[in-house]
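Spelled out from the first residue to the last, the chains are:
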Amino acid sequence: MKKILITNDDGFDSVGIRKLIEAVQDLGEIYVVAPALHKSACGHSLTILRPLFKQSVDDDFYKIDDASPTDCVYLALNDIFASVKPDLVLSGINEGANLGDDITYSGTAGAVMEAVLQGISGIAFSQVLKSYHKSDDAVDWEETKKYVRAITQKVLKNDPFKDERKFLNVNIPNDEIKGIKVTKLGYKIYSNEAFRHQDPRGREYFWIGLPALEFEYEENSDLGAISDGFVSITPIKMDMTDYGEIPYVKEWLRGKNES
């Protein structure tokens, strides 16, 4: 039996993680280690300045108090899987998209980044919503689960990136699904909103606003695929070096391309 570790950044009791478990529960032995609290937009962060407490929720299901998704994977690999590593780490299903540059913020992607750094295959799953008001958003979870299961089963059978520090970032549209496209990361148009307030004691505080939903349309991008009604699968690599720019930077350092 394959061993599958599941985590997320919406918390151990989210709808998405429950649907992910349901989608893949017959594909192997399922272990869940997830944050006790909602930890969206924490990226690939580790908690190193305070202790973390693991609590049992059910058989092979644990929550970690105020942990990031990366913490959950890191600790699971050093505790539950200290002797035998899992075959696959799944993160999600995130309740909201992780498209384009979102993955630099994404705790969902951050968890899978930790997995591939440890030599374990990983997939980040996100369910696109029509708005940020999740309670107003009807999601066909049964349709989503079909794609999650099919993609997971394919990777378990033949992972294209085994031991290559790469993973798959999967986004599923919230509409009639026309199929699957393999894509590149697209370009979102970000706003920079922070709302200033005062608490009852007169202390100033800020609340960071939600990002805009605008983007540049490209047919071969994840944002374009979702816009057109397709599941987007984007291969992501941890090596962010721009190899094409190395010669230019060498010349720049020597002062040969100064204007």
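Below is a short write-up of the structure.

Parameters and conventions
Residues numbered from 1 in each chain as written. Predicted model: local features only at pLDDT ≥ 70, side-chain atom pairs only at ≥ 80, totals over all residues. Heavy atoms only, no water. Helix = DSSP H or I, 4+ residues; strand = E, 2+ residues; numbered from the N terminus. Phe/Tyr/Trp six-rings, centres within 6.5 Å; stacked < 30°, edge-to-face > 60°. Buried < 20%, exposed > 50% of the residue type's maximum accessible area, 1.4 Å probe, protein only. Lys NZ or Arg CZ within 6 Å of the ring centre and 35° of its normal. Core = buried A, V, L, I, M, F, W, Y, C linked by side-chain atoms within 4.5 Å. Contact = heavy atoms within 4.5 Å. Axes fitted to C-alpha atoms, helices over the stretch in contact; angles between N-to-C directions. Parallel < 35°, antiparallel > 145°, perpendicular 65-115°, else oblique. Left-handed = near helix turned anticlockwise from the far one by under 90°.

With that settled, the discussion passes to unusual backbone geometry. Each neighbour pair has its own omega, and for Gly 92 with Ile 93 the value is -10 degrees, a cis peptide bond. You can see Ile 93 is positioned in strand E5 (residues 88-95). With phi around 60 degrees, Ala 41 is a residue other than glycine that occupies positive phi space. Along the chain, Ala 41 turns up in the loop between strand E2 (29-35) and strand E3 (54-58). At Asp 66, a position not held by glycine, the phi torsion is positive, near 55 degrees. The topology assignment puts Asp 66 in the loop between strand E4 (61-64) and helix H2 (69-78).

On to the packing of aromatic side chains, then. Evaluated as defined, the whole model comprises one aromatic pair. Judged by centre distance (5.0 Å) and plane angle (75 degrees), the rings of Tyr 31 and Phe 81 are edge-to-face. Pair noted here: Tyr 31 is in strand E2 and Phe 81 is in the loop between H2 and E5, with a separation of 50 residues, a long-range link. Each member of the pair Tyr 31 and Phe 81 is classed as buried. Its end group placed over the ring of Phe 230, Lys 181 keeps NZ or CZ at 4.4 Å from the ring centre.

What follows deals with the nonpolar core. In this structure, Ile 6, Val 24, Leu 90, Ile 123, Phe 125 and Val 170 are the most contacted members of the largest nonpolar core, which totals 33 residues. Of all the secondary-structure elements, those providing two or more residues to this core are strand E1 (3-7), helix H1 (15-24), E2, E5, strand E6 (121-127), helix H4 (141-157), strand E7 (166-172) and strand E13 (230-237). If one sorts the elements of this core by residue count, H4 sits on top with six residues. With residues near it in sequence (within four places) discarded, Val 170 still touches Ile 123, Ala 124, Phe 125, Ser 126, Ile 151, Val 231, Ser 232 and Ile 233. One finds Ala 76, Leu 77, Phe 81 and Ala 111 within the second-largest nonpolar core, a separate group that totals 15 residues.

The contact between H1 and H4 brings their axes to 9 Å, and the two run at 55 degrees. Classified by the interaxial angle, the pair formed by H1 and H4 is oblique. Crossing hand, H1 versus H4: right-handed. Residues Val 15, Gly 16, Lys 19, Leu 20, Glu 22, Ala 23 and Val 24 of H1 form the contact with H4, whose participating residues are Trp 141, Lys 145, Val 148, Arg 149 and Thr 152.

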